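Breakdown of the fold
As a plain string of letters, each chain reads:
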Amino acid sequence: MEIIISNSSGIPIYEQIKEQIKAKIISNELKVNELLPSIRSLAKDLRCSVITTKNAYEELVHEGYVINVPSKGFYVAEINDEVVREELLNKIELLLDEAVRIAKLNSVDKKTILEMINILYEEE
Amino acid sequence: MMNNILEVKNLSKEYNDFELKNVSFELPKGMILGFIGENGAGKTTTIKSILNIVNDYTGEINVFGMNNRKNDKAVKEDIGIVLDDMFFPEILNPTDINVIMKDIYVNWDSKLYFKYLKEFSLPTNKQIKAFSKGMRKKLEIATALSHHPKLLILDEPTSGLDPVARNEVIDIFQDFIQNEECSILLSSHITTDLEHIADYIVFINKGEILLSKTRDELLEEYGIVKCTETEFKKINDSDLIRYRKSKYEYEVLVENKKEFNKKYSINTIDKITLEDLMVMMIKGVK
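Residues numbered from 1 in each chain as written. Chains lettered and ligands numbered in written order. Predicted model: local features only at pLDDT ≥ 70, side-chain atom pairs only at ≥ 80, totals over all residues. Heavy atoms only, no water.

**Some thoughts on the overall build of chain B**
Where we set the bar: Only runs of H or I of at least four residues qualify as helices and only runs of E of at least two qualify as strands under DSSP, and these elements are numbered from the N terminus. Atoms counted for the radius of gyration: C-alpha only. Globule rule: 2.2 Å times the number of residues to the power 0.38. Burial status follows relative accessibility: with a 1.4 Å probe on protein chains alone, a residue under 20% of its type maximum counts as buried, one over 50% as exposed, and anything between as partly exposed. Should any heavy atoms of two residues lie within 4.5 Å, those residues are considered in contact. With residues, only the protein chains shown are counted as cover, and all accessible areas are computed by Shrake-Rupley using a 1.4 Å probe. Just so you know, the count uses Lys and Arg for positive and Asp and Glu for negative, and it drops His and the chain ends. In plain terms, the charge of a residue is placed at NZ if it is Lys, CZ if Arg, CG if Asp and CD if Glu.
Looking only at helices and strands, chain B has 11 helices and 14 strands in total. Taken over C-alpha atoms, the radius of gyration comes to 21 Å for chain B, in line with the 19 Å a tight globule of 286 residues would show. Counting only C-alpha atoms, chain B reaches 70 × 40 × 40 Å along its principal axes. By residue count, 53% of the 286 residues in chain B fall in the buried class. Excluding contacts between residues fewer than 6 apart, the proportion of contacts in chain B whose partners are at least 24 apart in sequence is 69%. Total accessible area on chain B is roughly 13500 Å²; 47% of this is exposed by carbon and sulfur atoms. Across chain B, the 39 positively charged side chains and the 46 negatively charged ones have centroids separated by 2 Å.

Given below as structure tokens:
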């Protein structure tokens, strides 16, 4: 498994780990029931703190991508389309949130934004 | 079940010109705690109190769930120590040290010790006085690790080491905590070593703990905002921890850069390093 951590990207390291593992689960590179590296060995290999990898795994558990089996380890969960769709919608909402924030700050009205979305949607 | 390997509670001590004031922190099992601060901030005094080398302090220190003063011998058996000042006599060689340590520690492991010497490329039969500073440090680290301690206490363990050697040493520290029962207290003013691997950061200044948080809370959430005077004036006092004014800009230390950005829409917010944090906390205005 490859995980690439950037120390200058501004994205928290636990989030980088989380997102990359998630992507590997969605793309099926990590298979259902596969055992993930332990929190400690992953921290060592990525040269990051144990709490950082722990945070990443805990969020993956929370979002339903990974299962924690006490005293055994973390396993890839069986993900259903609903979880993936939820994830996608979250991502879209986050980006829209940013767009709306910028719009409000600069008094761009709702109508203009909706128009923009319409145009973007028609483009293929 | 005991979850903390080390607990320091209200440690206070008065010298003529220096004071430790209610120093408290905890180190859970399997974690690395970075103890940072300027030279003379109280790091070494705190460490020497934990080790019961200085004992005219008030407060309570528990190591492995035991009071450190009442269980001096048992506690020390399971602590590996690297202090800033080298304590081996110059005329000894590493093989002599093996002989001496066998008598000191019940769990001394000669095989492991020689394995570390080899890993660090240290000669076994050369007198210590011929060692470079880096070699001495490595010898101390090898010695500290070779009696299977559960807690490593390291005072400035990487000072005097070149970047490659520092890297090797850090690998060894991370190996050490692969066993979930083992923890490390690492004091340093070289903060870059700690930035990645420390789980907890405790920042001491003038004998007082200024900050005590997880690495992720500090380095992923705190930020330094760079702004103009007009922008600065709009910031509520409660939203800034410290600030510094320079000729061209204001630098403001904030607790949560995401929240701050949402509230104020000031776009230049830098990620912080421990070094920035130390400088801002010490030099910045409250």
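From this point, things continue past the structure.
**With respect to the sheet that holds strand β7 (residues 151-155) of chain B**
All names here are of chain B. The following threshold applies: In short, DSSP must find at least two bridges between two strands for them to pair. Axes, fitted as lines to C-alpha atoms, cover a helix only where it is in contact. Angles between the N-to-C directions of the axes lie from 0 to 180 degrees.
With respect to topology, 6 strands assemble into an open sheet ordered β6-β7-β8-β3-β9-β10, the strand pairing being mixed. Of all the strands in the sheet, the pair left with one neighbour each is β6 (79-82) and β10 (208-214). Here the average twist between neighbouring strands, direction ignored, is 15°.

**Some thoughts on the interface of chain B and chain A**
Applicable threshold: Buried area is a sum: the accessible area each of two parts loses on coming together, probed at 1.4 Å, counted once for each and added. Basic side-chain nitrogens of Lys or Arg form a salt bridge, by our definition, when they fall within 4 Å of a carboxyl oxygen of Asp or Glu. Residues are sorted three ways: Asp, Glu, Lys and Arg are charged, Ala, Val, Leu, Ile, Met, Phe, Trp, Tyr, Cys and Pro are nonpolar, and all the rest, Gly among them, are polar.
Each partner contributes residues to the interface: chain B has 23 residues there, and chain A has 19 residues. When the two sides are added together, the surface that chain B and chain A hide from each other amounts to roughly 1900 Å², 46% of it contributed by carbon and sulfur. A per-residue breakdown of the area chain B buries against chain A is headed by Gln 178, His 196 and Asp 216 of chain B, which together make up 26% of the total. The tally of links from chain B across to chain A stands at 2 salt bridges. Asp 171 of chain B is the salt-bridge partner of Arg 47 of chain A, the closest N and O atoms lying 2.9 Å from each other. Secondary-structure elements contributing two or more residues to the side of chain B that touches chain A are α6 (163-176), α7 (192-197) and α8 (215-221) of chain B. Considering each element in turn, the side of chain B that touches chain A owes the most residues, 5 residues, to α6 of chain B. Class assignment of the residues belonging to the side of chain B that touches chain A gives a composition of 6 nonpolar, 8 polar and 9 charged.

**Looking at the pairing of strand β2 (residues 19-28) of chain B**
When strand β1 (residues 4-14) of chain B meets β2 of chain B, the two strands line up antiparallel, connected through 7 bridges. Paired with Leu 11 of chain B across the two strands is Val 23 of chain B, which belongs to β2 of chain B.

**Here we look at the environment of Pro 123 of chain B**
Residues and elements named next belong to chain B. Tracing the chain through its elements places Pro 123 in the loop between α4 (110-119) and α5 (133-145). Residues Pro 123 and Lys 262, spaced 139 residues apart in sequence, show a C-alpha to C-alpha distance of 58 Å. If near-sequence neighbours (up to four positions away) are discounted, Pro 123 is found in contact with Pro 94, Phe 131 and Met 135.

**Section: the confidence of the model for chain B**
The cut-off we apply is this: As a per-residue measure, pLDDT tells how confident the predictor is, with possible values from 0 to 100.
On average, chain B scores 89 in pLDDT, and the residues at 70 or more come to 99%. Reported confidences for the modelled complex are a pTM of 0.84 and an ipTM of 0.80.

**Section: the pattern of salt bridges**
Per the counting criterion, the structure on display carries 27 salt bridges over all chains. Here the salt bridges share partners, and the residues they tie into one network are Lys 18, Glu 19, Lys 22, Glu 59 and Glu 63 of chain A.

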